[in-house]
Amino acid sequence: MAKQSKAVVCRELNKPVVVEEVTIASPKRNEVMIKMKACGVCHSDYSATNGTIPMPPPLVLGHEAAGVIEEVGEGVTDVQVGDTVVVSWIPMCGKCRYCASGRPQLCDVAAKATFTLPDGTSRITDKSGNTLNHFAGVSVMSEYATVHQDNVIKIESDIPSTAAALVGCAVMTGVGAALNTAKVEPGATVVVFGAGGIGLNVIQGCAVAGAEKIIAVDMEDKKLEFARNFGATHTINPGTDGDAVAKAIELTGGGADYAFECIGLPATITQSYNAIAKGGTAVVVGVSKLTDNVTLGTFLMPFQEKVLTGSMYGSARPRVDFPRLLNLYRGNRLKLDELVTATYSIDDAPRAFEDMLSGVNARGVIVF
Ligand SMILES: [Zn+2]
Ligand SMILES: [Zn+2]
């Protein structure tokens, strides 16, 4: 049955988000409706409101959530009404060349359905009957959401919903970049540029992997304090400590084994590449602007065998990785509750976005 639902909407680019009442349609074939419990406020939601991530408004935001299945459409076999689920913002069709070869984070179906469900249509209408788009193919910053069953992963119901929600984006993206994309080895040295929600998770992923030195770089001391709590062994504030690359090279005795860029700026992507040692790996996690470019010196490339790679969604294989990350949390090896530094009602969503931009939170979460 269709539901009335308060939702966080981007109506116009470069304007604050608004909370409005929308109608969520019943699930069609292979779709499910979720009653949301918690939804994290991620920097990517903000990036959709200013055009950095190009998606056409009006958009219902949200892509990092946990909830309970409210209704299932025809043909749904993966979950039942009452199941607790975490939302994955890639649908993993299971059939394309990437899914078939074990890299569902690169799924072709997901790449096509960025602001609709996989069939190219929306399940959200406003009071005037106009259609709203689904941010990241899900739109879960809403009391209810209808998504494809390939976008939900069943989890055990006793996990706090705030912690579970974060596994759907920040934790998967950050910890996954360390464990899946880079495969950080025990005893490695690491430098992490940017200690926001993603950077903190890269840091704790590197700690789980047994990295010896984890150097966090950020312009804000508050974030560096968070970084130390999540496993950073050293911190650099380029504003007061000087050049981050020179410091990182000094601290690692010639360059780090791995660098992670978690901001999305050409300058720090270049610094990540320059901060790694010969044979090292630099991983770009941050999303930069469509028009951004970097320039790298090419002469030394053959001599240094450095690797520069992107990391999409922490190279997630959600069906394997979500339960794995939650088990690491159960075993006290991942800090998820500590990431949640503030919770908000959905009516307070505009303030949650302001707080994210001012950097006061590790992660703000909307609780329903
Ligand atoms: Zn996100
Ligand atoms: Zn696929």
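Look above for the structure.
Now for a quick tour of the structure. (Residues numbered from 1 in each chain as written. Chains lettered and ligands numbered in written order. Predicted model: local features only at pLDDT ≥ 70, side-chain atom pairs only at ≥ 80, totals over all residues. Heavy atoms only, no water.)

1. Things to note about the coordination of the zinc ion (ligand 1)
Part 1 of the reasoning: Around the zinc ion (ligand 1), the protein contributes the donor atoms Cys42 (SG), His63 (NE2) and Cys169 (SG), which lie 2.0 to 2.2 Å from the metal centre.
Part 2 of the reasoning: Going along the chain, you hit the donors of the zinc ion (ligand 1) in the pattern C-x20-H-x105-C. Of this pair, cysteine 42 sits in the loop between β3 (31-40) and α1 (43-49) while cysteine 169 sits in helix α4 (residues 161-181), and the two are 127 residues apart along the sequence.
Part 3 of the reasoning: By relative accessible area, which is 3% here, cysteine 169 ends up buried. (Donors = N, O, S within 2.8 Å, 3.2 Å for Na, K, Ca; no water. Helix = DSSP H or I, 4+ residues; strand = E, 2+ residues; numbered from the N terminus. Buried < 20%, exposed > 50% of the residue type's maximum accessible area, 1.4 Å probe, protein only.)

2. What about the pattern of salt bridges?
Side chains that differ in sign of charge can pair as their charged atoms come close.
Part 1 of the reasoning: According to the stated counting rule, one finds 18 salt bridges in the structure shown.
Part 2 of the reasoning: Aspartate 83 is the salt-bridge partner of lysine 154, the closest N and O atoms lying 3.7 Å from each other. Here lysine 154 is found in strand β10 (residues 152-155), whereas its partner aspartate 83 is found in the loop between β5 (65-72) and β6 (84-87), with 71 residues between them in sequence.
Part 3 of the reasoning: Judged by relative accessible area, which is 49%, lysine 154 ranks as partly exposed.
Part 4 of the reasoning: By sharing partners, the salt bridges in this structure join Arg11, Glu20 and Asp126 into a single network. (Salt bridge = Lys/Arg side-chain N within 4 Å of Asp/Glu carboxyl O.)

3. What to know about the coordination of the zinc ion (ligand 2)
Part 1 of the reasoning: In this structure, Cys93 (SG), Cys96 (SG), Cys99 (SG) and Cys107 (SG) serve as the protein donors to the zinc ion (ligand 2), at separations of 2.4 Å.
Part 2 of the reasoning: Of note is the zinc ion (ligand 2), whose four donor atoms meet at the metal with angles of 104 to 116° in an arrangement that counts as tetrahedral.
Part 3 of the reasoning: Mapped onto the polypeptide sequence, the residues donating to the zinc ion (ligand 2) form the spacing pattern C-x2-C-x2-C-x7-C. Across this residue pair, the class does not change: cysteine 96 and cysteine 99 are buried. (Tetrahedral: all angles 85-135°; square planar, octahedral: opposite > 155°, others 65-115°.)

4. A look at the packing of α4 against helix α5 (residues 197-208)
Part 1 of the reasoning: Interaxial distance between α4 and α5 falls to 7 Å at its minimum, and their mutual angle equals 40°. What the angle tells us is that α4 and α5 run oblique. Relative to α5, the crossing made by α4 is right-handed. Counted together, Ala170, Val171, Thr173, Gly174, Val175, Ala177, Ala178 and Leu179 of α4 and Gly197, Ile198, Asn201, Val202, Gln204, Gly205, Cys206 and Val208 of α5 form the full contact between these two elements.
Part 2 of the reasoning: Residues that form the contact of α4 with α5 fall into these classes: 10 nonpolar, six polar and no charged. (Axes fitted to C-alpha atoms, helices over the stretch in contact; angles between N-to-C directions. Parallel < 35°, antiparallel > 145°, perpendicular 65-115°, else oblique. Left-handed = near helix turned anticlockwise from the far one by under 90°. Contact = heavy atoms within 4.5 Å. Nonpolar A, V, L, I, M, F, W, Y, C, P; charged D, E, K, R; others polar.)

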